[in-house]
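Structure at a glance
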Amino acid sequence: MELSTLVLLVMACGLRVGADGTNHRYKEGDHVPLFANKVGPFHNPSETYRYYDLQFCSPEHVTEKTDALGEVLNGDRLVDAPYELNFLEEQRSKSLCKKNLSKEDVAKFRHAVSKDYYFEMYYDDLPLWGFLGKIEGVKTDSGKDKYFLFKHIHFNILYNDDRVIEINVQTDPNINVDISEDRKLDDRELDVEFLYSVTWRKTDISFEERMAKYSWTSSMPQHLEIHWFSIVNSCVNVLLLSGFLATSLMRVLKNDFVKYSLIEESLEDQEDSGWKYIHGDVFRFPKNKSLFSAIIGSGTQLLVLTMFIFLLALVVVFYPYNRGALYTALVVIYALTSGIAGYTASSFYMQLEGINWVRNLLLTGCLFCGPLFLTFFFLNTVAITYSATAALPFGTILVILLIWALVTSPLLILGGVTGKNSKTEFQAPCRTNKYPREIPELAWYRGTIPQMAMAGFLPFSAIYVELYYIFASVWGHKIYTIYSILFIVFIILIIVTAFITVALTYFQLAAEDHGWWWRSVLCGGSTGVFIFFYCIYYYHARSDMSGFMQTSFFFGYMTCICYGFFLMLGTVGFRASLLFVRHIYRSIKCE
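Residues numbered from 1 in each chain as written. Predicted model: local features only at pLDDT ≥ 70, side-chain atom pairs only at ≥ 80, totals over all residues. Heavy atoms only, no water.

Quick word on empty space enclosed by the protein
Our working rule: A pocket, in this scheme, is an open set of points on a 1 Å grid over the protein atoms alone with protein on both sides within 12 Å along at least 5 of 7 lines, while a cavity is a set where a 1.4 Å probe fits but cannot get out; residues line either one if an atom lies within 4 Å of a point. Grid points are joined across faces, edges and corners, and a volume is the space filled by probe spheres set on the points. Put simply, DSSP marks the helices as runs of H or I at least four residues long and the strands as runs of E at least two long, and each gets a number from the N terminus on.
This structure, assessed with the given rule, holds 2 cavities of 30 Å³ or more. Of all the elements in the fold, those that place two or more residues in the lining of the largest cavity are β8 (146-150) and β9 (152-160).

Considerations on the environment of H279
Note that H279 resides in the loop between α5 (221-265) and α6 (289-314). Between the C-alpha atom of H279 and that of C430, which follows or precedes it by 151 residues, the distance is 6.4 Å.

Considerations on the pattern of salt bridges
Put simply, the rule reads: Put simply, a salt bridge is a Lys or Arg side-chain nitrogen that is within 4 Å of an Asp or Glu carboxyl oxygen. Only protein chains enter the accessibility calculation, which uses a 1.4 Å probe; a residue is then buried when its area is under 20% of its type maximum, exposed when over 50%, and partly exposed in between.
Across all of its chains, the model carries 13 salt bridges by this definition. A salt bridge links E84 to K94, with the nearest nitrogen and oxygen atoms 3.4 Å apart. Placement of the pair is E84 in the loop between β3 (79-80) and β4 (91-102) and K94 in strand β4, with a sequence separation of 10 residues. A relative accessible area of 43% places E84 in the partly exposed class. The salt bridge involving R210 is made with D124; its shortest N-O contact spans 3.0 Å. Within this pair, whereas R210 is found in the loop between β12 (189-202) and α4 (216-219), its partner D124 is found in the loop between β5 (117-123) and β6 (126-131), the two being separated by 86 residues in sequence. Each of the two residues, R210 as well as D124, counts as buried. Several salt bridges share partner residues, and in doing so they unite D281, R284 and R437 into one network.

Description of the UniProt feature "transmembrane region" (unreviewed entry) in the protein
For clarity, the cut-off: UniProt positions are given in the numbering used here, feature names are shortened, and annotations may be inferred rather than shown by experiment.
In this structure's numbering, the residues bearing the UniProt feature "transmembrane region" (unreviewed entry) are residues 291-319, 325-349, 361-384, 390-414, 452-471, 483-504, 516-539 and 554-581. Across residues 390-414, helical content stands at 84% and strand content at 0%; the span's end C-alpha atoms are separated by 34 Å. Structurally, residues 516-539 is divided into 100% helix and 0% strand, and its ends, taken at the C-alpha atoms, are 35 Å apart.

Quick look at the packing of helix α13 (residues 483-510) against helix α15 (residues 548-586)
As a reminder of what qualifies: All axes are obtained by fitting lines to C-alpha atoms, using only the stretch in contact for helices, and the reported angles, taken between N-to-C directions, cover 0 to 180 degrees. To sort the angles, those under 35 degrees are grouped as roughly parallel, those over 145 as roughly antiparallel, those from 65 to 115 as roughly perpendicular, and the leftovers as oblique. Less than a right angle of anticlockwise turn of the near helix away from the far helix marks a crossing as left-handed, whereas a clockwise turn marks it as right-handed. Residue contacts are defined here by distance: any two heavy atoms, one from each residue, within 4.5 Å place the two residues in contact.
Look at α13 against α15: their axes get within 8 Å of each other, and the N-to-C directions meet at 50°. Considering the angle they form, α13 stands oblique to α15. Once α13 is placed against α15, the crossing between them reads as right-handed. Between α13 and α15, the contacting residues are F490, L493, I494, T497, A498, T501, V502, T505, Y506 and L509 on the first element and F565, M568, L569, V572, G573, A576, S577, F580, V581, I584 and Y585 on the second.

Section: the sheet that holds β4
For clarity, the cut-off: The pairing criterion is simple: DSSP has to find at least two bridges between the two strands.
An order of β4-β12-β9-β10 is seen for the 4 strands of this open sheet, with the pairing classed as mixed. The sheet is open, and its two borders are formed by β4 and β10 (163-171), each paired with just one other strand. Averaged over neighbouring strand pairs, the angle between their axes works out to 20° when direction is ignored. Where β9 lies against β12, 8 bridges are found, and the strand directions are parallel. Each residue of the ladder has a partner; that of I153, found in β12, is Y196. Packed on one face of the sheet, helix α3 (residues 103-114) meets β4 and β12 and runs near 120° to β4.

What follows is the structure, encoded as structure tokens:
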């Protein structure tokens, strides 16, 4: 599928330029759409609630905006806001409404202020945020902090000709109402009048550049310096590692080839040693062929998916606050690439002389989707319990299931049938012995766990710096838009994973251990384990997330992502090792 076709398809599934159907041009006095989205604790980005779950002023008839698939997956629930921000019309402390808050309503607002709740709105598709109130250290009679709810919001809007360019929100800390627990008011109810002001200022910023301000933070010189330092550090690691491996392996292999050539030319009957000694076992098919093939198929699909996501990012499909763009792209591209998983898994399974290709195809389809769906249903249940916007409506769940049933599954089956009938044979330079050789007893550091630790450390060190910025964007409120740097880091990750896995595979074969198939997958994918440990570190040391819901969402989805990295990088490690093993055994004469 051409990239242009994919971009159009993704945009058709929800990436709309004017999400409200307007062309973003207005005359003086025209109504400009303003939607209230959600509220939630500032430090818990997944724990968000509908805007009118709190007793804000609301229109007489609240209309919910029809959200695209990606917006719903992102937890967006846009509704009409009561503020009148007509084009070029200014307001001075205009009364929005008067609310009579019950004791329960006041308690909700107090809880929201104590948790640093913020609100999010969209004005002409531009995001804006503000806090609900503040806490002052002045103690009440009971010795507790005082809580204040902001009553006045000021909108400062920039325009250029007939277009809205920028909007900022300020809350006046001096215009507030005391909502502390022992306030000197009637404990049963509280009368509050909410106000707002609007000012307009002209700007020279063009409409095409109005979203650029949201990228400035990630493009600031000090941040770019850190990113480029990370890339230079990673590149140096790659060059040193590549040079070391190339020099060492070429020298060792050259000596091996010379030694084996002399042995072959010698009239004396000498026994092979080292990696040539196991030439009759090195291409012996691994145990659990169906699972192994399913991992290779799923890993290949995830690698292709990641490359497509990067291509879309590099052509600026994912501009800041394009609501749900990434989620839409992930769902659509994963569905369209399922045929790659089916074809790769079935084709490789048949090369390994497998007989139950249907079971292999079912395993491939469930290997990544299964844990992801189980995690999703658990987290969705948690979100429903909390009445959070992260809980998907039944209609959205039905759409996802239909995509899986009508697109993902048919393409998976089509790819599997094509792979089964491809008649591709496994290219093994050496014949496999009837009975396997016994693997000699090896030192502890040649075991699976120590080898995985060594294999995962270097690739993880290459992406460590970028991980912080990505986590701060996904699980925080920072913005990440330097996709070119992220793409370079990803390529470095692939190269380092391939090199380190090849090196460990050679050392394993030199020790006469022919069980390299599964070891190469485990060593290649071990970076996913390191990323999971970084998740634990980030949650406890670098974030202020708390609560059962946020913890469940963080570790639930990050576990799935780390599992995806394991499958993808495990596939890279195996493919690189397979090319290397075929090359060295093709270069000698195997009897």
